[in-house]
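Fold and contact review
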Amino acid sequence: MPPKISWRLARILPIVAVTIGCGAYALLPAGSPPTERPDRILVVKSRHEMSLLQGGRILKTYAVSLGRSPSGPKTRTGDHKTPEGLYLVDWRNPNSKFHLSLHISYPEPRDSARARQEGVAPGGDIMIHGLPNRLWWIGPFHRFVDWTDGCIAVTDSEIDQLWRTVPDRTPIEIRP
């Protein structure tokens, strides 16, 4: 006969098991970093993929989460869309609320001009970043939903790789 457990314990055990499983999975390494420095980044929003390229060759591809409204280009503050177009990784933030982050040069002058024509603010602070600092244990499970305000999210171990590998001024193309 199986041992009796309280109804409270029975309700919480599955939650504890999933939490421990997520934490253990999040500790797995992101795989090998690329051995060469990329000269370009390509994001394909429809595939939720970000690839590092060198001379047109794919060095590594990451699965990503995007803005909560992933279809279409970013046009204004608060639209929760990830921009589309050609940009640069122009600076980095070691004190990010999302582990580490690489800033994308949105808005470019063309984005600001379009927003001005529409009478709206274009938005900004678009980053490639890791997970929220206290939620590192979610790991790759964050990819099940687009959850950012327009940024491109990867796991913490993946942003660690990108931080070491991607130089400032690297072009990034974001496609639909």
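So, here's what we can say about the structure. Keep in mind that this is a model prediction, so the values were computed, not measured.

Analysis parameters
- Residues numbered from 1 in each chain as written.
- Predicted model: local features only at pLDDT ≥ 70, side-chain atom pairs only at ≥ 80, totals over all residues.
- Heavy atoms only, no water.
- Core = buried A, V, L, I, M, F, W, Y, C linked by side-chain atoms within 4.5 Å.
- Buried < 20%, exposed > 50% of the residue type's maximum accessible area, 1.4 Å probe, protein only.
- Helix = DSSP H or I, 4+ residues; strand = E, 2+ residues; numbered from the N terminus.
- Contact = heavy atoms within 4.5 Å.
- 1 Å grid on protein atoms, 1.4 Å probe; cavity = no way out; pocket = protein on both sides within 12 Å on 5 of 7 lines; lining within 4 Å.
- Points joined across faces, edges and corners; volume = space filled by probe spheres on them.
- Nonpolar A, V, L, I, M, F, W, Y, C, P; charged D, E, K, R; others polar.
- Phe/Tyr/Trp six-rings, centres within 6.5 Å; stacked < 30°, edge-to-face > 60°.
- Lys NZ or Arg CZ within 6 Å of the ring centre and 35° of its normal.
- Patch = residues over 30% accessible without salt bridge, like charges linked within 9 Å, V, L, I, M, F, W, Y side chains within 5 Å.
- Areas by Shrake-Rupley, 256 points an atom, 1.4 Å probe, with all protein chains shown as cover.
- Salt bridge = Lys/Arg side-chain N within 4 Å of Asp/Glu carboxyl O.

1. Description of the nonpolar core
Within the largest apolar cluster, 22 residues are counted, with the highest numbers of intra-cluster contacts made by Ile41, Met50, Ile104, Ile128, Ile152, Leu162 and Ile172. Elements represented by at least two residues in this core include exactly β1 (40–44), β2 (49–54), β4 (85–93), β5 (101–104), α3 (156–165) and β8 (170–175). Leave out the neighbours within four places in its chain, and isoleucine 172 touches Ile41, Val43, Gly85, Leu86, Tyr87, Leu88, Val89, Ile104, Ile128 and Ile152.

2. A closer look at the layout of surface pockets
In this structure, the largest pocket occupies an estimated 360 Å³ of space. The wall of the largest pocket is formed by 20 residues, among which Phe98, Asp125, Met127, Asp149 and Cys151 lie closest to the centre. Residues of the lining of the largest pocket, tallied by class, amount to five nonpolar, 11 polar and four charged.

3. Points about the environment of leucine 52
Mapping leucine 52 onto the fold places it in strand β2. The exposure class of leucine 52 is buried, given its relative accessible area of 0%. Those residues in contact with leucine 52 that sit more than four places away from it in its chain are Pro34, Pro38, Arg40, Ile41, Arg57, Ile58, Leu59, Lys60, Tyr62, Leu162 and Val166.

4. Some remarks on the packing of aromatic side chains
In this structure the tally under the stated criterion is three aromatic pairs. Considering the side-chain rings of phenylalanine 98 and tryptophan 147, the 6.2 Å spacing of their centres and the 40° angle between planes classify their relative orientation as tilted. Here tryptophan 147 lies in the loop between β6 (127–129) and β7 (152–153) and phenylalanine 98 lies in the loop between β4 and β5, a separation of 49 residues in the sequence. A relative accessible area of 22% means that tryptophan 147 is categorised as partly exposed. Over the aromatic face of tryptophan 163 sits the side chain of arginine 92, whose NZ or CZ is 4.9 Å from the ring centroid.

5. Overview of a nonpolar patch on the surface
A cluster of nonpolar side chains, Phe141, Phe144 and Val145, forms an exposed patch at the surface whose accessible area comes to about 330 Å². You can see valine 145 is positioned in the loop between β6 and β7.

6. Things to note about α3
Among the residues making up α3, those that are buried are Asp156, Glu158, Ile159, Gln161, Leu162 and Thr165. Buried residues along α3 sit in contact with β2, β3 (57–63), β5 and β6.

7. Considering the environment of isoleucine 128
Along the chain, the position of isoleucine 128 falls in strand β6. With relative accessibility at 1%, the residue isoleucine 128 sits in the buried group. A C-alpha to C-alpha distance of 5.1 Å links isoleucine 128 and leucine 102, two positions 26 residues apart in sequence.

8. Describing the pattern of salt bridges
Taken as a whole and judged by the stated rule, the model has 10 salt bridges. Residue arginine 76 is joined to glutamate 118 by a salt bridge in which the shortest nitrogen-to-oxygen separation is 3.2 Å. Here glutamate 118 lies in helix α2 (residues 109–118) and arginine 76 lies in the loop between β3 and β4, a separation of 42 residues in the sequence. Taking relative accessible area as the criterion, glutamate 118 reaches 40% and is therefore assigned partly exposed. Taking the shortest distance from any N to any O, the salt bridge between arginine 175 and glutamate 173 comes out at 2.9 Å. By relative accessible area, arginine 175 is classed as partly exposed at 36%. Through salt bridges with shared partners, a single ionic network connects Arg40, Glu173 and Arg175.

On their own, these measurements won't tell you what the molecule is for.
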